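Tertiary structure, described
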Amino acid sequence: MKFVIYGSGCSKCNLLTANAKSAAEALGLDYEVEKVTDVNGIISAGIMHTPALEVDGKILIEGKVSSVETIKGMLG
Amino acid sequence: MNRLVTLYKENPHQGNLLLALIGSFLVIYFLPVDSPRLGNAWLESIKLTNWYAREHVILCLLPAFVIAGAMAVYISQGSVMRYLGPQAPKPVALGVASVSGALLAVCSCTVLPLFGGIYKRGAGLGAAIAFLYSGPAINVMAVVVTAKVLGAELGIARALGAIVFALVIGAIMHLIFRREEAERSATSDRGFTADEQEKSLSATVALFSLMVGILVFANWAPANSATWMVIYEWKWLITSGLGLLLVVLLVGYWQWSIPRLVALVAVVVLSAILVPGVPQLPFALGVLGLMLLALMSTRDQEWATQSWDFAKQIMPLLLAGVFIAGLLLGRPGHQGLIPDEWVNAAVGDNSFVSTLVASVLGAFMYFSTLTEVPIVEGLLGAGMGKGPALALLLAGPALSLPNMLVIRTIIGGKKTAIYCVLVVVMATFTGFIYGNFF
């Protein structure tokens, strides 16, 4: 699975990254994480509310930090 | 010598640590501790912070956080974003953008993608600039606290000024760059479509009206008119009445558990009876209890978490801002480190120069959310004219050096420069008119 986390680096983005990783690990999935912190990169992806999580090309979460459970539900 | 330089370059962290240590030591060593001005300044900063804690935190800040949290959760972003999309007619987009800053800007790191999104994929430069300016300027918490601390007149002037600015600056930017704007092609309109409405409009309006009402009446200050004073006598009764209506609304529309709300009301009433004369206590218990109950309800949990996020984000910086304002400028009527004469000389009257100085200072200085209030309060107390005060309020929160640098990466140096110049010019102009004609 390819995780792309969009965010300018504030604590919310870091928390979302951590939660996404925990969720993937809990489900035993292989994953790689890419972080986009450049504002123009975020805008071109069509995202307007950070932090945002994109999994394999689909934007699943935008504008908030979801819990590990919620992310597990989305992935599994 | 070269050996030293190489050593530094190889261990920059250790080198900087040493320099910082030496620097702090020198400052502390040479501190004029016996000078009365310095001793007084420390006292002033503590007294100002204490005063803020007593006067403003419970009755004004707490409800402001709760209202801002509710806005972030219950006002559907989709219904606003629809008007800022690529297909929206430009005048509509401009108008909506000018007021929507208050509704859409949740976290400061969110403003930039939204701004960039509106600029590159949505209604364009005019609306994006109007949004960029209005966000920090008509932030609901900032207006509320400005009105409370600096007086209703300045609060209203700030809010109205900000909306007008957003409209005018957005329109001017659009006109200047209209040829470029006409060439843009529509890409995806992701993020500009409406979501389904969750709550009925009337319920949402009722919720916000009641909360704003409670905020306004709890903070009703004595003044010169007779009707004003009558309301002042009754303010707590009115506030309590509105509070009860809020409870009814929460039960009726939001389906909150009745026994828990009854328990909360009982606690609030009990505290008012046991400790009479300190309205902050039942008020604080009411607000905190409200948030705890929201936290316990799965559907409205996010209201509490958003309000809490705001509190965490803003309180530490506001505290630091108040402390520094107290240290530098002292409480109104007292002096801090900066002598009143300097302030008077620079911005003491409502002349054009003073207002210009205030605008330019405001544009470059960085103010985190709400910190402009204690600083302007200190300056007013030290003799700044109200025209320059308004100019500072209008130019300060919206612009700062770090902020300008980031905007530059999105819209380019030329547009950023024109934006900054427009803000300073309009802030000076508006401040001048306010100071001399009101």
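Model, not experiment: these values are computed from the prediction. (Residues numbered from 1 in each chain as written. Chains lettered and ligands numbered in written order. Predicted model: local features only at pLDDT ≥ 70, side-chain atom pairs only at ≥ 80, totals over all residues.)

With respect to the overall build of chain A
Of the regular secondary structure elements, chain A holds three helices and four strands. Written out in order from the N terminus, the α and β elements of chain A read β-α-β-α-β-β-α. A compact globule built from 76 residues should have a C-alpha radius of gyration of about 11 Å, and chain A, at 11 Å, falls within 12% of that. Relative to its 76 residues, chain A shows a buried fraction of 36%. Here the analysis covers contacts within chain A between residues at least 6 apart in sequence; of these, 69% occur between residues at least 24 apart. (Helix = DSSP H or I, 4+ residues; strand = E, 2+ residues; numbered from the N terminus. Rg over C-alpha atoms; globule rule 2.2 N^0.38 Å. Buried ≥ 20, exposed ≤ 12 C-beta atoms within 10 Å, placed from the backbone. Contact = placed C-beta atoms within 7 Å.)

Some points on the sheet that holds strand β3 (residues 52-55) of chain A
All names here are of chain A. Read across the sheet, four strands follow the order β2-β1-β3-β4 without closing on themselves; strand pairing throughout is mixed. Two strands in the sheet have a free side with no partner beyond their single neighbour: β2 (32-36) and β4 (58-62). Along the sheet, successive strands turn relative to each other by an average axial angle of 20 degrees, direction set aside. Note that strand β1 (residues 2-6) and β2 share five bridges and pair parallel. Counterpart to I5 in the pairing with β2 is K35. (Pairing = 2+ DSSP bridges. Axes fitted to C-alpha atoms, helices over the stretch in contact; angles between N-to-C directions.)

Observations regarding the pairing of β3 of chain A
Residue and element names in this part refer to chain A. Here β1 pairs with β3 via four bridges, running antiparallel. The partner of F3 across the bridge, within β3, is V55. Direction of pairing for β3 relative to β4: antiparallel, over a ladder of four bridges. Among the inter-strand pairings, V55 is bridged to a residue of β4, identified as K58. The hairpin turn running from β3 into β4, its antiparallel successor, is two residues long, and D56 in that turn takes a positive phi close to 50 degrees.

Quick look at the confidence of the model for chain A
Confidence along chain A averages 82 in pLDDT terms, with 97% of residues attaining 70 or more. Within chain A, the element-level pLDDT minimum falls on helix α2 (residues 39-44) of chain A, averaging 81, and the maximum on β1 of chain A, averaging 87. (pLDDT = per-residue confidence, 0-100.)

Points about the nonpolar core
Residues and elements named next belong to chain B. With 130 residues, the main nonpolar core has L84, F115, A127, A130, A395 and V423 as its most contacted residues. Of the residues forming this core, the biggest block, 14 residues, is contributed by helix α3 (residues 36-74). Apart from the residues lying within four places of it in its own chain, the contact partners of A130 are L94, A97, S98, A166, L167, I169 and G170. (Core = buried A, V, L, I, M, F, W, Y, C linked by C-beta atoms within 7 Å.)

Some details on the environment of A70 of chain B
Residue and element names in this part refer to chain B. Structurally, A70 is set in helix α3. Accessibility expressed as a C-beta count within 10 Å gives 22 for A70, which makes it buried. Ignoring sequence-local partners within four residues, the contact set of A70 consists of L207, F208, M211 and W303.

Here's the deal with the packing of α3 of chain B against helix α11 (residues 201-218) of chain B
Residues and elements named next belong to chain B. Contact pair α3 / α11: the axes reach a minimum separation of 10 Å and the direction vectors enclose 170 degrees. With respect to their mutual orientation, α3 and α11 come out roughly antiparallel. Judged by the sense of rotation from one axis to the other, the crossing of α3 with α11 is left-handed. Touching L59, P63, V66, I67, A70 and Y74 of α3 are T204, L207, F208, M211, V212, I214, L215 and A218, all from α11. In terms of residue class, the contact of α3 with α11 is made up of 13 nonpolar, one polar and no charged. (Parallel < 35°, antiparallel > 145°, perpendicular 65-115°, else oblique. Left-handed = near helix turned anticlockwise from the far one by under 90°. Nonpolar A, V, L, I, M, F, W, Y, C, P; charged D, E, K, R; others polar.)

Considerations on the interface of chain A and chain B
Contacts between the two partners involve twelve residues from chain A and, on the opposite side, 16 residues from chain B. Partitioned by chemical class, the residues of the side of chain A that touches chain B number six nonpolar, five polar and one charged.

Observations concerning the environment of I67 of chain B
Residues and elements named next belong to chain B. Tracing the backbone shows I67 in helix α3. Spatially, the C-alpha atom of I67 lies 7.8 Å from that of S307, the residues being 240 residues apart in sequence. Those residues within four positions of I67 in sequence are excluded, and the remaining contacts are V140, M211, V212 and L215.

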